[in-house]
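As a plain string of letters, each chain reads:
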Amino acid sequence: MNAAPDLGPAARRLGDLVAGAPDDRLAAPTPCAEYTVGDLIDHIGGLALGFTYAATKSAGEGTDGRPSGDASRLGDAWRTEIPQRLGALADAWRDPAAWTGMTQAGGVKLPGEVAGMFALDELVVHGWDLARAIGRPYEPAAAEVEACLALLTGMAGQIDGESPFGPPVRVPDAAPPLDRLVGLTGRDPAWTPSAA
């Protein structure tokens, strides 16, 4: 494996989006058809815990199944708590041991280095989801997007049955890398709140 990526920038970017999500958008749709903005924020909070536990190879919320996505579970302090969870996730993956051995995330046993890359993918793609849903600009680092594309294209022939992201959306090969990434994860790169 090449040098493990630092998840800190992607975690901070997503944390800033969470902290800045306006109350009047919590019931609005997102590119994830099953989630409102509030549901997506709750899901982000759950995956932050799940991938932190995956890094430390310990059992906890989000390791034995898909993180929740239910806005009614958001507490009063979610704008500070979820960014803190995202920061803890990034810190946990800075330990080289997180990228070794086997771990579990979302009910799936997988190598640490694969789990770490899935954590990065979740941060980048859900950052796009949330930014689109609340009308904010979003510019992940090119290296993050390329790493996520490499992960997902490398898995294309290895997934039996349905992808964990749903059916991919066809995107031209010449499209920008971020558009290709969100297409691979079942999102329409042209999605806007008004089109929902």
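As the structure is a computational prediction, the values presented were derived from the model and not from experiment.

Colleague: Sorry if this is basic, but what is going on with the environment of A119 here?
Modeller: With respect to the secondary-structure elements, A119 resides in helix α4 (residues 112–134). Considered as a pair, A119 and T52 are 67 residues apart in the sequence and their alpha carbons are 9.0 Å apart. In contact with A119, other than residues within four places in its own chain, are L7, F51 and W93.

Colleague: Mind showing me how you'd approach unusual backbone geometry here?
Modeller: Glycine aside, a negative phi is what most residues show, and trans is what most peptide bonds show. Backbone geometry at K57 places phi at a positive 60°, although glycine is not the residue there. Along the chain, K57 falls in the loop between α2 (37–56) and α3 (78–92).

Colleague: When you look at the packing of aromatic side chains in this model, what are you seeing that I'm missing?
Modeller: The geometry of an aromatic ring pair comes down to the distance between the two centres and the angle between the two planes. According to the stated counting rule, one finds 1 aromatic pair in the structure shown. Centroid distance W93 to W99: 5.0 Å. Interplanar angle 70°. Geometry classified as edge-to-face. Residue W93 is classed as buried on the basis of its relative accessible area, which comes to 2%. A relative accessible area of 6% means that W99 is categorised as buried.

Colleague: Explain the environment of L130 here, please?
Modeller: On the secondary structure map, L130 appears in helix α4. Under the relative-accessibility criterion, L130 is labelled buried at 0%. Once the C-alpha coordinates of L130 and T36 are considered, the two residues, 94 residues apart in sequence, prove to be 9.7 Å apart. Not counting residues within four places of it along the chain, the set of residues in contact with L130 comprises L14, L17, V18, V37, L40, I41 and I44.

Colleague: Got a minute to help me understand the side chain of E122 in this structure?
Modeller: Mapped onto the fold, E122 is located in helix α4. One buried charged residue, E122, remains without a salt bridge, the closest side chain of opposite sign being R187 at 6.5 Å. Aside from chain neighbours lying at most four places away, what touches E122 is H43, L47, F51, G127 and F165.

Rules behind the numbers
- Residues numbered from 1 in each chain as written.
- Predicted model: local features only at pLDDT ≥ 70, side-chain atom pairs only at ≥ 80, totals over all residues.
- Heavy atoms only, no water.
- Helix = DSSP H or I, 4+ residues; strand = E, 2+ residues; numbered from the N terminus.
- Contact = heavy atoms within 4.5 Å.
- Phe/Tyr/Trp six-rings, centres within 6.5 Å; stacked < 30°, edge-to-face > 60°.
- Buried < 20%, exposed > 50% of the residue type's maximum accessible area, 1.4 Å probe, protein only.
- Lys, Arg positive; Asp, Glu negative; His and termini not counted.
- Salt bridge = Lys/Arg side-chain N within 4 Å of Asp/Glu carboxyl O.

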